[in-house]
Number of protein chains: 2
Amino acid sequence: MDMQAEIVAVGTELLLGQIANTNGQWISSQLATKGIGVYFHQVVGDNHERLKSVIIQALERSNLILITGGLGPTDDDLTREVVSEVVGKKLIENEAVLADIKDYFNRTNRPMSENNSKQALVIDGAVVIRNPIGTAPGMLIEYQQSLIVLMPGVPSEMKNMVTDSILPYLEEKYQLNDVIESKMLRCIGIGESQLETEVKDLIENQTNPTIAPLAADGEVALRITAKASSKESAKQLIETMETEIHNRIGQYIYGSDDQKLIDVIINQLKKENATIAGAESLTGGKFADQFVSIPGSSQVFNGSLVSYSNSAKINALGVNQATIDQYGVVSKQTAYEMAKQAKRAFNSTYALSFTGVAGPEPLEGQPVGTVYICLYHNENDYQTHTCHFSKPRNIVRELAVKRGLELIYKYLK
Amino acid sequence: MDMQAEIVAVGTELLLGQIANTNGQWISSQLATKGIGVYFHQVVGDNHERLKSVIIQALERSNLILITGGLGPTDDDLTREVVSEVVGKKLIENEAVLADIKDYFNRTNRPMSENNSKQALVIDGAVVIRNPIGTAPGMLIEYQQSLIVLMPGVPSEMKNMVTDSILPYLEEKYQLNDVIESKMLRCIGIGESQLETEVKDLIENQTNPTIAPLAADGEVALRITAKASSKESAKQLIETMETEIHNRIGQYIYGSDDQKLIDVIINQLKKENATIAGAESLTGGKFADQFVSIPGSSQVFNGSLVSYSNSAKINALGVNQATIDQYGVVSKQTAYEMAKQAKRAFNSTYALSFTGVAGPEPLEGQPVGTVYICLYHNENDYQTHTCHFSKPRNIVRELAVKRGLELIYKYLK
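Worth saying up front: this structure is predicted, and the values here are computed from it rather than measured.

Visitor: What is the right way to read the packing of aromatic side chains from this model?
Guide: Centre-to-centre distance and the angle between the planes together describe a pair of aromatic rings. For the coordinates displayed, the defined rule picks out 22 aromatic pairs over all chains. Where A:F301 meets B:Y308, the ring centres are 6.4 Å apart and the plane angle is 45 degrees; that geometry is what we call tilted. Of the two residues, A:F301 is situated in strand 14 (residues 301-307) and B:Y308 in the loop between strand 14 (301-307) and helix 12 (310-317); the pairing between them involves two chains. Both residues of the pair, A:F301 and B:Y308, count as buried. Ring geometry for B:F291 against B:F301: centres 4.9 Å apart, planes inclined by 5 degrees, an arrangement best described as stacked.

Visitor: Sorry, what's going on with the pattern of salt bridges here?
Guide: All names here are of chain B. Following the criterion strictly, the structure yields 41 salt bridges over all chains and no others. With its nearest N and O atoms 2.4 Å apart, the salt bridge here joins D100 to R130. Here D100 is found in helix 5 (residues 95-107), whereas its partner R130 is found in the loop between strand 6 (127-129) and strand 7 (138-143), with 30 residues between them in sequence. Judged by relative accessible area, which is 22%, D100 ranks as partly exposed. Residue E244 is joined to R248 by a salt bridge in which the shortest nitrogen-to-oxygen separation is 2.7 Å.

Visitor: Explain the sheet that holds strand 13 (residues 276-280) of chain B here, please?
Guide: By way of backbone hydrogen bonds, the strands of a sheet pair with one another, either parallel or antiparallel. Taken together, 10 strands build an open sheet; the order of strands is 17(A)-16(A)-15(A)-13(A)-14(A)-14(B)-13(B)-15(B)-16(B)-17(B) and the sheet is mixed. Only two strands of the sheet have a single neighbouring strand rather than two, namely strand 17 (381-388) of chain A together with strand 17 (381-388) of chain B. The average angle at which neighbouring strand axes cross in this sheet is 10 degrees, direction not considered. Sheet analysis places strand 16 (residues 370-378) of chain B next to strand 17 of chain B, joined by 8 bridges and oriented antiparallel. By the bridge assignment, B:N378 is partnered in strand 17 of chain B with B:D381. Helix-sheet contacts for helix 15 (residues 393-412) of chain B involve strand 13, strand 15 (350-356), strand 16 and strand 17 of chain B, and the interaxial angle to strand 16 of chain B is about 30 degrees.

Visitor: Where do I start with the interface of chain B and chain A in this structure?
Guide: The figure often quoted for interface size is the accessible area lost as the parts come together. Facing the 67 residues of chain B at the interface are 70 residues of chain A. Interface area, chain B with chain A, both sides summed: about 5,400 Å², of which 54% is carbon and sulfur. Linking chain B to chain A there are 5 salt bridges. Residues B:K286 and A:D289 are paired through a salt bridge, measuring 3.3 Å at the closest nitrogen-oxygen approach. At the junction of chain B and chain A, the tally comes to 33 residue pairs in polar contact (both at pLDDT 80 or more). Across the side of chain B that touches chain A, the residue classes break down as 27 nonpolar, 28 polar and 12 charged. Across 5 bridges, the pairing between strand 2 (residues 37-44) of chain A and strand 2 (residues 37-44) of chain B is antiparallel. Note that in strand 2 of chain B the partner of A:V44 across the bridge is B:F40.

What counts, and where the lines are drawn
- Residues numbered from 1 in each chain as written.
- Chains lettered and ligands numbered in written order.
- Predicted model: local features only at pLDDT ≥ 70, side-chain atom pairs only at ≥ 80, totals over all residues.
- Heavy atoms only, no water.
- Phe/Tyr/Trp six-rings, centres within 6.5 Å; stacked < 30°, edge-to-face > 60°.
- Helix = DSSP H or I, 4+ residues; strand = E, 2+ residues; numbered from the N terminus.
- Buried < 20%, exposed > 50% of the residue type's maximum accessible area, 1.4 Å probe, protein only.
- Salt bridge = Lys/Arg side-chain N within 4 Å of Asp/Glu carboxyl O.
- Pairing = 2+ DSSP bridges.
- Axes fitted to C-alpha atoms, helices over the stretch in contact; angles between N-to-C directions.
- Contact = heavy atoms within 4.5 Å.
- Buried area = accessible area lost by both parts, 1.4 Å probe.
- Polar contact = N/O pair within 3.5 Å; in protein donor to acceptor, adjacent residues only side chain to side chain.
- Nonpolar A, V, L, I, M, F, W, Y, C, P; charged D, E, K, R; others polar.

Here is the structure:
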């Protein structure tokens, strides 16, 4: 059966321009990976009549209608009621969902207010999608030749349901046979334009698979996308292209798909039975956060000392006052002492330090974006790098961390 | 005349999820400032029949239709042709526009390709909007009781036209004297449904100003929106409602509009000439990052010790081995010692500590989402809190930080 998908986002805040319809974008990108064509997006406010008219019209031109938002506990959350009206099915309280909601409030130690029980109402005959991280359940409703999917508007809850329940349900129900597979090759240490030059001819002659260079968060990647009748043959197409790309830029590729540079580094450290620690000034905990965001990283990450004030660098970390006086806090020498002291304080194999000028104002006569990074192993084995990022404050802080990770990755490789 | 606006974005890349419809968001926010109500957004691909059906339908329910995209030089740019079909007017070459386009290519030293002259075709009778920074002109087309506005999809070109030509045109043509002002009241320490209950009657009886509860990132807010003939009277309407809301939930309101909780806390600390430091386990630097992300925070934020491994808690921070052995690392007692040691290490006025189970696995028999936070001032003045967040790992970590900030804010208030 040929799927014609339409995405409806419900919420007056979207029509007032307070937020963009990123739910519509994300759902579209997910359906694309399954070869499901999306032909329309609509946004409508929290208004009974207009919402109803939009859903009725969607049913006339599409056979897969995905609706986000309007499932909350408040009176202006109308999606549940309107859809039950359109499909002519009653709303009935669902025991299991009510239990989920009560349990949710117990778990989070918050009082459950009366109107939350409204969220336990589901459309008669709907397949209910439980919500492990929120209170509004999702629903799958068959109506005439169409399938209506209801999802919360909260992105994290919506994404959970799409990935865990809705896509698998669609795959099985409609035996989606044109499979679209894609693989991301993640690179570090090469710029976007250089990357493009290296694979220019491949991009120009692309048919199937296609190749797209992407740049984000100070990294570049190549996405290979293949379409075929089976997962296997799609993967085969990708593999052939991947080999060709590896022959050209293999030394810059650190991983693939959702693999992050930090995952690779954690594995490198585990292989070595080594540990690492940090000393952070301008990065202010962002280096530590990279490790702690990954479960199980405590095996290789001891900790980080965020010494933002100079007194903290001297008293809490142990940098020499004299070093700061002589060379300045933004200097190779201070970076070196920060890393050395971090290794001592956390008793780790390696330590990485960051000191620099995040801005908006220059510091010690050094321009915004100047960052010194030191990777310290021992007195005979350490390296200090100077970087210049001409970006706003919080981007400079992120790029500094990214560069630091690149140094560790290359060192351990 | 009552304007009913609808925004149509044309482009297959939107339906593939490659980009979000930020044009729709931006135009909505601009129309809101003029008191023009936007009731629908639609996104449609570069397809003749579907684009035509969308425009016809928009004309049935809206009297101001703003269309972005599909005015480029290539064959899949169809907006120009489709609209001329719908309104039954010919496309005619516009001398001035053609000159603009030639001039544009001269200025930018690029060869003008044949198909660019297609962009000089305008709908007969349309008011043409010249494009100083691109090649596609905009158009204003009167049709029956409606006005159709065509704009390029390139955000910078579209924004130029809206600001310089389209809004002024609408203001004059429809004598728009209504101004819409809105103010966000930001709350902490109250849930969305409780907030809703507190102001239920205000929301039910709302006319002008209107009130909308919003929830994001573990915070809730109330948006007050007023419509009036002048900025002043709109602000007056908001102020009256704001007073009423303050009488009910004033103790939960920490700030307004773009103000962040961290900004308020930094100001509270500056007023006291106080400093703060952190000891972080599961939050892994996210607490420190809140402060360091704000310029000038070094005046009140000394630093934070991210002690992720137990050895770091003991050796780098100075928590007693015995305390961890007896009560566990995830305990009130460990949180207390972490905060106390952080105050010592950073010589700060206050210290905040975080220890807990981020997941995915339980720890020491405690469920994922259990977090202990201690706010330490001195031996006679400290408080420890236990929280339970049943969310994924990195959401738990963010909510823990948010709760910690809430504790500081309330303490300093």
